[in-house]
Amino acid sequence: MPILFPKPGRCRRTLITIGASVLIISVTLYLALPVAALFLRTTPELFISSVCDPRVISALWLSLFTSTISLGIVLLVGTPFAYVHSRNTYPGKMIVDTLVDLPLVLPPAVAGLALLVLYGRIGFIGKYLNMFGITLAFTTLAVIMAQIFVSSPFYLRQAKSLFEQLDPAYEQTARTLGASPIRIFWTIVLPLTVSGLVSGAVMTFARALGEFGATIMFAGNLPGVTQTMPLAIYSGMQGDFNIGITIAILLVIISFAIMIAVRILSQREIPHA
Amino acid sequence: MLEATVKKVLRDFTLDVKIRAGHGEIVVIMGENGAGKSTTLNLISGLVTPDTGSIRLNGTDVFDAGTGIEVPVEDRRIGYVFQNSAVFPHLTVYENIAFGLRAMHLNHETLSERVGHWVKKMDLVNISAIRAGNLSGGQRQRVALARALATSPALLMLDEPFAALDVQSIVSVKDAICRCVTELQIPCLAVTHRIADAHDVGDRICVLSRGKNVWEGKPSDIPSSGSNDIGKI
């Protein structure tokens, strides 16, 4: 009988080990080298002096402020939305699902343009708001709106999926025990899904922090008003390159911390029945 | 005392079931997969609304399609133990049992006294501070039973209470069910697949097939076929 899969010999095993090592090292280097290049492009002294630059502080503050507000709105509106959506069937549910996911595949510039066409000074809604003296485009509020538009799917998808996976018997049992829907949500649904929700929230915050395309289209690039960190990097490329590098390094550090946080949180699972 | 006549159009058939259970009586509902056993429990509990029919608990209408009465699930006072127990895994045994009592707004002393009573009764004293998600199948089932009974329900419903339990746990859970129903003198509906379980805990057996009552009698009246599968009888 022919041997289809001969036992690998020592030479063959060495080749497999070398092949696997080359693969892992090349992928790691491809991802790590550009990040390392950022750190190598500056010196600690230059980095510290650039961090204290008012343009960097202003962009950092604006990014953290707008991303936090965006996240807060996504959590406040998105959590009940995802829960109600996952627990009910209604006409057009599939379309709503698709619309929720749409910003994930939509180029951010398209999202920004769409927001501008709707809320801009001569936009469908913007022209009516303008009549009351309300201007949304090219304001800090526009930054928040753009961030919510592009980052909310990260949280909504996660929350929908967590609520859908939760065994309905928990909520049904709680109902038979006399608990109100609000108490069921706070004491049963939320604790059983919180670690997944937090990791979804962290990803949303990260996406909002890194948002560029939609923001520049809808909110512009006004220092202190709409110039977030990614936009400040863009401006730095045309002016003070060190400012761009410093902000880029700050974003790398924040992103790395976020990914570590997500990893830790996703490991903290509650034992299920 | 439970008197229920419920009708509901389902995807494959129309469920039309009549069921009665007296004080301290365990009525075992049997039938093949998809016969409508769990749906019957859901209809009686109020988790699913019947199309027509009536449900009376201790002489009070909790549902009557004719008069439009429909008491919400939360107010029906039904202790429902779901398949796989559905204990809240993030809460301790104590907190699981206290869950329903908190909705009754009892004072702290009364609440801990009642929880303590059920913790002792179900032999859960040594594990009362443990998260329910870390318990064995038998322990979870006893916690679920204690949680359902702690609120002094007017009716106890058990959906496959012995599924996925080891032999030793089945014996202790059966004993706990029989003891509690007799002591509290409440009607009890228990869904099971196994004739042996029906023999051990049932005072009466009600067999369903495609949503209809097809046989009713005492466990001793079940025709002996040497099979443990109700579908083969």
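About the cut-offs
- Residues numbered from 1 in each chain as written.
- Chains lettered and ligands numbered in written order.
- Predicted model: local features only at pLDDT ≥ 70, side-chain atom pairs only at ≥ 80, totals over all residues.
- Heavy atoms only, no water.
- Helix = DSSP H or I, 4+ residues; strand = E, 2+ residues; numbered from the N terminus.
- Contact = heavy atoms within 4.5 Å.
- Areas by Shrake-Rupley, 256 points an atom, 1.4 Å probe, with all protein chains shown as cover.
- Lys, Arg positive; Asp, Glu negative; His and termini not counted.
- Charge placed at Lys NZ, Arg CZ, Asp CG, Glu CD.
- Rg over C-alpha atoms; globule rule 2.2 N^0.38 Å.
- 1 Å grid on protein atoms, 1.4 Å probe; cavity = no way out; pocket = protein on both sides within 12 Å on 5 of 7 lines; lining within 4 Å.
- Points joined across faces, edges and corners; volume = space filled by probe spheres on them.
- Nonpolar A, V, L, I, M, F, W, Y, C, P; charged D, E, K, R; others polar.
- Domains from an automatic or database assignment.
- Phe/Tyr/Trp six-rings, centres within 6.5 Å; stacked < 30°, edge-to-face > 60°.
- Buried < 20%, exposed > 50% of the residue type's maximum accessible area, 1.4 Å probe, protein only.
- Buried area = accessible area lost by both parts, 1.4 Å probe.
- Salt bridge = Lys/Arg side-chain N within 4 Å of Asp/Glu carboxyl O.
- Polar contact = N/O pair within 3.5 Å; in protein donor to acceptor, adjacent residues only side chain to side chain.

## Side note on the overall build of chain B
- Looking only at helices and strands, chain B features 6 helices and 11 strands.
- When the backbone C-alpha atoms are referred to their principal axes, chain B occupies close to 45 × 45 × 30 Å.
- For chain B, restricting intrachain contacts to residue pairs at least 6 apart in sequence, the fraction spanning at least 24 positions comes to 67%.
- Summed over all atoms, the accessible surface of chain B reaches about 10000 Å², with 49% contributed by carbon and sulfur.
- Computing the positive centroid from 25 side-chain charges and the negative centroid from 26, chain B places the two 2 Å apart.

## Details of the overall build of chain A
- Helix and strand counts for chain A stand at 12 helices and 0 strands.
- Taken from the N to the C terminus, the helices and strands of chain A come in the order α-α-α-α-α-α-α-α-α-α-α-α.
- Against the compact-globule benchmark of 19 Å for 273 residues, chain A has a radius of gyration of 24 Å, which places it well outside the compact range.
- Its C-alpha atoms give chain A principal-axis dimensions of about 85 × 65 × 35 Å.

## Section: empty space enclosed by the protein
Residues and elements named next belong to chain A.
- This model, assessed by the stated rule, comprises 1 cavity of 30 Å³ or more.
- Computed from the structure, the largest cavity encloses a volume of approximately 40 Å³.
- For the largest cavity, the full set of lining residues is Tyr119, Gly120, Arg121, Gly126, Leu129, Asn130, Ile134, Thr135 and Leu136.
- In terms of residue count, the dominant contributor to the lining of the largest cavity is helix H6 (residues 126-131) (3 residues).
- Residue composition of the lining of the largest cavity, grouped by class: 4 nonpolar, 4 polar and 1 charged.

## Regarding the layout of surface pockets
- The calculated volume of the largest pocket comes to roughly 330 Å³.
- Surrounding the largest pocket, 15 residues form its lining, Val74, Ile148, Phe149, Ser152 and Leu156 of chain A being those nearest its centre.
- When residues of the lining of the largest pocket are traced back to their parent elements, those giving at least two are helix H3 (54-87), helix H4 (93-105), helix H5 (108-119) and helix H7 (140-165) of chain A.
- For the lining of the largest pocket, the class distribution of residues is 13 nonpolar, 2 polar and no charged.
- Computed from the structure, the second largest pocket encloses a volume of approximately 240 Å³.
- For the second largest pocket, the full set of lining residues is Tyr83, Arg87, Pro168, Glu171, Gln172, Arg175, Pro181 and Ile184 of chain A together with Leu47 and Glu74 of chain B.

## Topic: the domain arrangement of chain A
- Domain boundaries assigned for chain A yield domain 1 (1-40) and domain 2 (44-266).
- Inter-centroid distance (C-alpha atoms) of domain 1 of chain A to domain 2 of chain A is 38 Å.

## Considering unusual backbone geometry
- For phenylalanine 138 of chain A, which is not a glycine, the phi torsion comes out positive at approximately 60°.
- Here phenylalanine 138 of chain A shows up in the loop between H6 and H7.
- Phi at serine 152 of chain B takes a positive value of approximately 50°, unusual for a residue other than glycine.
- Mapped onto the fold, serine 152 of chain B is located in the loop between helix H4 (137-150) and strand S8 (155-159).

## Side note on the packing of aromatic side chains
- In the structure shown here, the tally under the stated rule is 10 aromatic pairs over all chains.
- With a centroid separation of 6.5 Å and an interplanar angle of 50°, the aromatic rings of tyrosine 170 of chain A and phenylalanine 88 of chain B are classed as tilted. Taken as a pair, tyrosine 170 of chain A in helix H8 (residues 168-176) and phenylalanine 88 of chain B in the loop between strand S7 (78-81) and helix H2 (93-102) lie in two separate chains rather than in one.
- A relative accessible area of 3% means that tyrosine 170 of chain A is categorised as buried.
- Taken together, the aromatic side chains of Tyr83, Phe163, Phe185 and Trp186 of chain A make up a single cluster linked through ring pairs.

## Some details on the interface of chain A and chain B
- In this assembly, 19 residues from chain A lie in contact with 23 residues from chain B.
- Where chain A abuts chain B, roughly 2100 Å² becomes buried across the two surfaces, and 66% of that area is made up of carbon and sulfur atoms.
- Remark: the boundary between chain A and chain B carries 1 salt bridge.
- Viewed at the interface, chain B and chain A are joined by 3 residue pairs in polar contact (both at pLDDT 80 or more).
- Of all the secondary structure elements, the ones that give two or more residues to the side of chain A that touches chain B are H8 and helix H9 (181-209) of chain A.

## Comments concerning the pattern of salt bridges
- Within this structure, the stated rule accounts for 19 salt bridges over all chains.
- A salt bridge links aspartate 101 of chain A to arginine 157 of chain A; the nearest nitrogen and oxygen atoms lie 3.2 Å apart. Placement of aspartate 101 of chain A in helix H4 and of arginine 157 of chain A in helix H7 is noted, with a sequence separation of 56 residues between them.
- The exposure class of arginine 157 of chain A is partly exposed, given its relative accessible area of 42%.
- Between glutamate 74 of chain B and arginine 175 of chain A there is a salt bridge, with the nearest N and O atoms lying 3.2 Å from each other. With glutamate 74 of chain B in the loop between strand S6 (69-70) and S7 and arginine 175 of chain A in helix H8, this pair bridges two chains.
- On the accessibility criterion, arginine 175 of chain A (29% relative accessible area) is partly exposed.
- Residues participating in the shared-partner salt-bridge network are Lys174, Arg194, Asp197 and Asp200 of chain B.

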